[in-house]
Amino acid sequence: MEHIPKFGDVKMFETFGFETLTPRTASILFGLGLGAAFGILAEVTRFCLRRGVIGAGIEGRQALAVWLTALAVAVIGTQGAVWAGWISFADHRFHAPTLPILSLVVGGLMFGAGMVLTRGCLSRLVVLGSSGNLRAIVVLGVAALAALATMKGVFAPLRNSLGAVEFAAPSLPALGALLPLVLAAVFIAQARPKLRVLVPAVLLGALVPLGWLGTGLVLMDEFDPIAVESLSFTAPLADTLFWTAAASAVGGNFGTGLIGGVIAGAALSALIAGRFAWQGFDGAGQMGRYLSGGVLMGMGGVLAGGCTVGAGLSGVATLSTSAVIALLAIIAGAWVAARVDARVSGRATSEFDAPTATPEAPQAA
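Residues numbered from 1 in each chain as written. Predicted model: local features only at pLDDT ≥ 70, side-chain atom pairs only at ≥ 80, totals over all residues. Heavy atoms only, no water.

### Let's talk about the overall build of the protein chain
Note the cut-off: Numbering goes from the N terminus for both helices and strands, where a helix is a DSSP run of H or I of at least four residues and a strand is a run of E of at least two. Buried, partly exposed and exposed residues are distinguished by accessible area as a fraction of the type maximum, computed with a 1.4 Å probe on protein chains only: under 20%, between the cut-offs, and over 50%, respectively. Note on contacts: a residue pair is in contact if any heavy atoms of the two residues lie within 4.5 Å. Every accessible area reported is derived by Shrake-Rupley at a probe size of 1.4 Å, with residue values counting cover from the shown protein chains alone.
The secondary structure content of the protein chain amounts to 15 helices and 2 strands. Per-residue burial for the protein chain yields a buried fraction of 51% across its 365 residues. Taking the intrachain contacts of the protein chain between residues at least 6 apart in sequence as the baseline, contacts between residues at least 24 apart amount to 81%. Working note: accessible area of the protein chain is about 15,700 Å², and carbon and sulfur atoms make up 69% of it.

### A look at the nonpolar core
What counts here: What is meant by a nonpolar core is a set of buried Ala, Val, Leu, Ile, Met, Phe, Trp, Tyr and Cys residues, joined one to another through side-chain atoms within 4.5 Å.
F38, F47, F233 and L313 are the most contacted members of the largest nonpolar core, which totals 70 residues. Here this core gets 10 residues from one element, more than from any other, and that element is helix α4 (residues 57-83). In contact with F47, not counting residues within four places along its chain, are F38, A42, V66, W67, A70, R124, L204 and L313.

### A short note on unusual backbone geometry
Of note, the phi angle at R119 is positive, near 60 degrees, even though the residue is not glycine. Relative to the helices and strands, R119 is located in the loop between α5 (101-117) and α6 (122-130). The phi angle at L319 is positive, at roughly 60 degrees, despite the residue not being glycine. Within the secondary structure, L319 sits in the loop between α14 (308-317) and α15 (321-345). A relative accessible area of 12% means that L319 is categorised as buried.

### Regarding the pattern of salt bridges
Here is the rule: Note on definitions: salt bridges are taken to be side-chain nitrogens of Lys or Arg within 4 Å of carboxyl oxygens of Asp or Glu.
For the structure on display, the rule yields 4 salt bridges. R46 serves as the salt-bridge partner of E59, at 3.6 Å between the closest nitrogen and oxygen. Taken together, the residues E59 in helix α4 and R46 in the loop between α2 (23-45) and α3 (49-54) connect sequence positions 13 residues apart. On the accessibility criterion, E59 (18% relative accessible area) is buried.

### A closer look at the side chain of S232
Here S232 is to be found in the loop between α10 (195-218) and α11 (234-245). Judged by relative accessible area, which is 16%, S232 ranks as buried.

### A closer look at the packing of aromatic side chains
Applicable threshold: Each aromatic pair joins two rings of Phe, Tyr and Trp (for Trp, the six-membered one) with centres within 6.5 Å, and gets the label stacked for planes under 30 degrees apart, edge-to-face for over 60, and tilted for any other angle. To sit over a ring, a charge needs its Lys NZ or Arg CZ within 6 Å of the ring centre and within 35 degrees of the ring normal.
Overall, the coordinates contain 7 aromatic pairs when judged by the stated rule. Measuring from centroid to centroid gives 6.3 Å for F47 and W67, while their planes differ by 15 degrees, and the two rings are stacked. Taken together, the residues span a long stretch of sequence, with F47 in the loop between α2 and α3 and W67 in helix α4 at a distance of 20 residues. Each residue in the set F38, F47, W67 and F233 is aromatic and connected to the rest through ring pairs, giving one cluster. A cation over an aromatic ring shows up here: R93 above the ring of F94, its NZ or CZ 4.3 Å from the ring centre.

See below:
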C-alpha cells in the first residue's frame, strides 16, 4: 500500500523534494512565498480590521465584510485540515491548558489603542510601508523594538507578571467554526462589497491554513523540527529586527521570510497599480502620536499572543480560546480609543477613517 504522509511524518518533507534543503531554510523560502501572496492580496483589498471596527458608514461595513470573509475561510480551511488529521494543535501555545487572562486582555487593549493612533495594525503598516509610507516604516521599527523588549528585554518582567495570572482554559465548541461564516454572510449582505475585493479576501483567508499545513505537515522533520506557525506579524517583526542587526550570529526563520515576502508583494502590487508614493510625517505632534501607537502595538502584540492577524486570523482559526479573547480585547481597545481620541481632538469618530485617496491613488495611513 502506498504510504500516506501524516502529521509529523519525516517522509513528508522528502516527498516534496526538499531533501537538498534543511527544514529551516525551506521554511524561510515558504514564508517568503506566503508573505508575497499576502502582501499582494492585502494591498489590493486594503485589508484592515481597524477600518472595519471604527470606520463609518458603508466603507466601514465593507472593510469588516472583507475581514470576516478572510476569517471564515481561515477557520473553515484550518479546521478542515485538523479534521482530516493533517495537522494538530494539541501542543501548540494557542491551546495551552492555562489562560493568561490578564496578559491577553491588557495586551489586546494596548494593541487596539495603538492601531487607532497609527491608523493601521502591524500587517496594514507593513503593506503601507512597502507602498512608500515612511510613517508606517518608522512605526514598524518602533513596534518591533518594543516587541523585542517585551519578549527578551526591559519589559520582560512586566510580561512575566501579567502572564502569571492564569486560569484553566475552556475549550471552544466545534460549531464555533461556523460563527465567522455567519457573520461574514450578514455583513456581505449588508455592505455588498465588490467581487474584485471579495475574491482576494477569500484567497487571503486561504493563506492561513496553507501556512499551518506548510509548517505543520509539509516541512515537518522530527529530526530537525521547526515551529508550527502561520501568518503573524508581532514576533516576525521582532525576529526580523534582531536578524537584521545580528545576521552573522542569528539565523533567519519562517517569520523573517514572511516579512520579506509581504514587503516584496505589497511593493510590487502598489507599483503595478500606480499606488506607490512617498509620504512622511506632517509634524512633531503627528510623529509623537504614531510612535506612541507603535510602542503600544509592539508591547500589546506580545502580551496578547498576537496581532489582528497572528491572534485574529491564524489564532482564531485554530479555535483557540486565548486567541478569541485577544481579538475581542483588540476590538474593544480600538473602539474605546477611537472615541476617546475623537473627544480629545474635537473631531467626529468617522473622520479618523475618512478616505485620503481614491482607490487608484496612493493610500495613506
